[in-house]
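Each chain is listed here by its residues.
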Amino acid sequence: MQNADLMGQFRIFHSADSSEKCPSISLIGDNNNNRPANQRTSHALIWVSLPGLRLEYWDEHTLFTICDEIGNPVKVDNATLKYSSGFAAKVLVEINLANPIPNKLWIITKYGCFSQEVLLHNLPKFCSKCKIVGHSLS
């Protein structure tokens, strides 16, 4: 039912002109409400590095399990999956910046436990007062 309501706000046109190499689709009635710059969110996609993590933990399932403690893992870096990124495994993680973000994780395995450093790359501006991405307190 909700999808029907959304479709009522938009009209989609399909160009079937055979002279075009690729048909085009136009979206009318957006009113700029769906643009990322207009969204108020505390979530951001951030590349997380796990420097010094042993290679036996570099598979997607294990990296996602580790990064679940930081946020919602989305993708493992291709170089990491090919074991060619060097010293650190990298995972793209959706993180809620309004929540505390650990700089270390304590990882417990059946063979023992160890501390793992967590590095965040290219953090967006985040306002701790408004709790939204896009600006910071000055």
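Note that the structure is predicted; figures quoted are calculated from it, not measured.

Colleague: How should I be thinking about the side chain of Ser42 in this particular structure?
Modeller: Tracing the backbone through its elements, the reader meets Ser42 in the loop between β2 (25-28) and β3 (43-51). Taking relative accessible area as the criterion, Ser42 reaches 13% and is therefore assigned buried. One polar contact links Ser42 to Asn96, side chain to side chain, over a distance of 2.7 Å. Setting aside residues no more than four positions away along its own chain, Ser42 makes contact with Ile95, Asn96, Leu97, Ala98, Phe126, Lys131, Ile132 and Val133.

Colleague: Explain the pairing of β3 here, please?
Modeller: As defined by bridge partners, β3 adjoins strand β5 (residues 88-96) across 9 bridges and the pair is classed as antiparallel. Residue pairing across strands places Ser49 opposite Lys90, the latter belonging to β5. Relative to strand β8 (residues 119-121), β3 runs antiparallel, the two being bridged by 3 bridges. For Val48, the partnering residue across the bridge sits in β8 and is Leu120.

Colleague: What is the right way to read the packing of aromatic side chains from this model?
Modeller: What describes a pair of aromatic rings is the distance from one ring centre to the other and the angle between the planes of the rings. Under the criterion given, the structure shown has 2 aromatic pairs. Judged by centre distance (5.5 Å) and plane angle (40°), the rings of Tyr57 and Phe114 are tilted. Of this pair, Tyr57 sits in the loop between β3 and α2 (60-67) while Phe114 sits in strand β7 (residues 112-117), and the two are 57 residues apart along the sequence. Exposure remark for Phe114: the relative accessible area of 22% places this residue in the partly exposed category. Each ring, one from Trp58 and one from Tyr83, has its centre 6.2 Å from the other, and the planes form 10°; the classification is stacked. Placement of Trp58 in the loop between β3 and α2 and of Tyr83 in the loop between α3 (78-81) and β5 is noted, with a sequence separation of 25 residues between them. Taking the relative accessible area as the measure of exposure, Trp58 reaches 1% and is therefore buried.

Colleague: I keep staring at the pairing of β5 and nothing clicks. Help me out?
Modeller: Walk down a regular strand and you will see the side chains alternate between the two sheet faces. Within β5, 7 of the 9 residues are buried, leaving the element largely enclosed by the surrounding structure. Bridge count for strand β4 (residues 72-76) against β5 is 4 bridges, and the pairing is antiparallel. When the bridges of β5 are listed, Val76 appears paired with Val91.

Colleague: Even after reading the chapter, I still don't get the sheet that holds β4, so can you show me in this structure?
Modeller: The pairing of strands in a sheet happens through backbone hydrogen bonds and is either parallel or antiparallel. If you walk across this open sheet you meet the 4 strands as β4-β5-β3-β8, and the pairing is antiparallel. Each end of this open sheet is capped by a strand with a single partner; those strands are β4 and β8. Averaged over all pairs of adjacent strands, the angle between their axes in this sheet comes to 35°, without regard to strand direction. Here α2 sits on the sheet and contacts β3, β4 and β5; the angle it forms with β4, its principal contact strand, is near 150°.

How each quantity is defined
Residues numbered from 1 in each chain as written. Predicted model: local features only at pLDDT ≥ 70, side-chain atom pairs only at ≥ 80, totals over all residues. Heavy atoms only, no water. Helix = DSSP H or I, 4+ residues; strand = E, 2+ residues; numbered from the N terminus. Buried < 20%, exposed > 50% of the residue type's maximum accessible area, 1.4 Å probe, protein only. Polar contact = N/O pair within 3.5 Å; in protein donor to acceptor, adjacent residues only side chain to side chain. Contact = heavy atoms within 4.5 Å. Pairing = 2+ DSSP bridges. Phe/Tyr/Trp six-rings, centres within 6.5 Å; stacked < 30°, edge-to-face > 60°. Axes fitted to C-alpha atoms, helices over the stretch in contact; angles between N-to-C directions.

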